[in-house]
Amino acid sequence: KCAKCIQTWWRKLQQARKENKRQQEIIWEMKIENELKRSFARNDAALRIQSLYRGFRERRQHSQRVCEEKRRIMAIRIQSLYRGFRQRVKNYEEKRRIAAIQIQSL
């Protein structure tokens, strides 16, 4: 073969290598991009699950706080009712005692 044919053949080989290398780089970039997308999607799903759980936990804690508040209010009401009942009993006993003293003094 002549030198010119060898040169063109060599040039074509180098060009094919460059083209192949460029294609490999593009493929790697696409693979990396897809993997990043996948990892972002996984991360996004994890964040969604976290936020859902956080919302669930906050709602549960809120309902627990509401329940505790209602219990506390009921306990206060029961205490005040009992205090009022004791006071009425004392008043009744006092009136009975006064009435008994008045009856004895007659």
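Heads up: the structure comes first, above all this text.
What you see is a predicted model, and the numbers here were worked out from it, not measured in a lab.

### Focus on the pattern of salt bridges
A pair can form between side chains of opposite charge whenever their charged atoms are brought close.
Turning to step 1, where the next piece is worked out: According to the stated counting rule, one finds seven salt bridges in the structure shown.
Turning to step 2, where the next piece is worked out: For Arg22, the salt bridge goes to Glu19, with nearest N and O atoms at 3.0 Å. Of this pair, Arg22 and Glu19 both sit in helix α1 (residues 3–105), three residues apart, which is roughly one turn of that helix.
Turning to step 3, where the next piece is worked out: On the basis of relative accessibility, which here comes to 44%, the residue Arg22 falls in the partly exposed class.
Turning to step 4, where the next piece is worked out: Its relative accessible area of 38% is what places Glu19 among the partly exposed residues.
Turning to step 5, where the next piece is worked out: Note that Arg38 and Glu35 form a salt bridge whose closest N and O atoms lie 2.8 Å from each other. Taken together, the residues span about one helical turn, with Arg38 and Glu35 both in helix α1 at a distance of three residues.
Turning to step 6, where the next piece is worked out: Residue class for Arg38 comes out partly exposed when judged on its relative accessible area of 47%.
Turning to step 7, where the next piece is worked out: Each of Glu35, Arg38 and Arg42 takes part in a single network of salt bridges with overlapping partners.

### Thoughts on the packing of aromatic side chains
Turning to step 1, where the next piece is worked out: On inspection of all chains with the given rule, the structure shows two aromatic pairs.
Turning to step 2, where the next piece is worked out: Seen in terms of ring centroids, Tyr53 and Phe56 are 6.2 Å apart; in terms of plane orientation they differ by 40°. Their pairing is tilted. Separated by three residues within a single helix, Tyr53 and Phe56 lie in helix α1, roughly one turn from each other.
Turning to step 3, where the next piece is worked out: A relative accessible area of 40% places Phe56 in the partly exposed class.
Turning to step 4, where the next piece is worked out: Above the face of the Trp28 ring, Lys31 is positioned so that its terminal group lies 4.9 Å from the ring centre.

Calculation notes
- Residues numbered from 1 in each chain as written.
- Predicted model: local features only at pLDDT ≥ 70, side-chain atom pairs only at ≥ 80, totals over all residues.
- Heavy atoms only, no water.
- Salt bridge = Lys/Arg side-chain N within 4 Å of Asp/Glu carboxyl O.
- Helix = DSSP H or I, 4+ residues; strand = E, 2+ residues; numbered from the N terminus.
- Buried < 20%, exposed > 50% of the residue type's maximum accessible area, 1.4 Å probe, protein only.
- Phe/Tyr/Trp six-rings, centres within 6.5 Å; stacked < 30°, edge-to-face > 60°.
- Lys NZ or Arg CZ within 6 Å of the ring centre and 35° of its normal.

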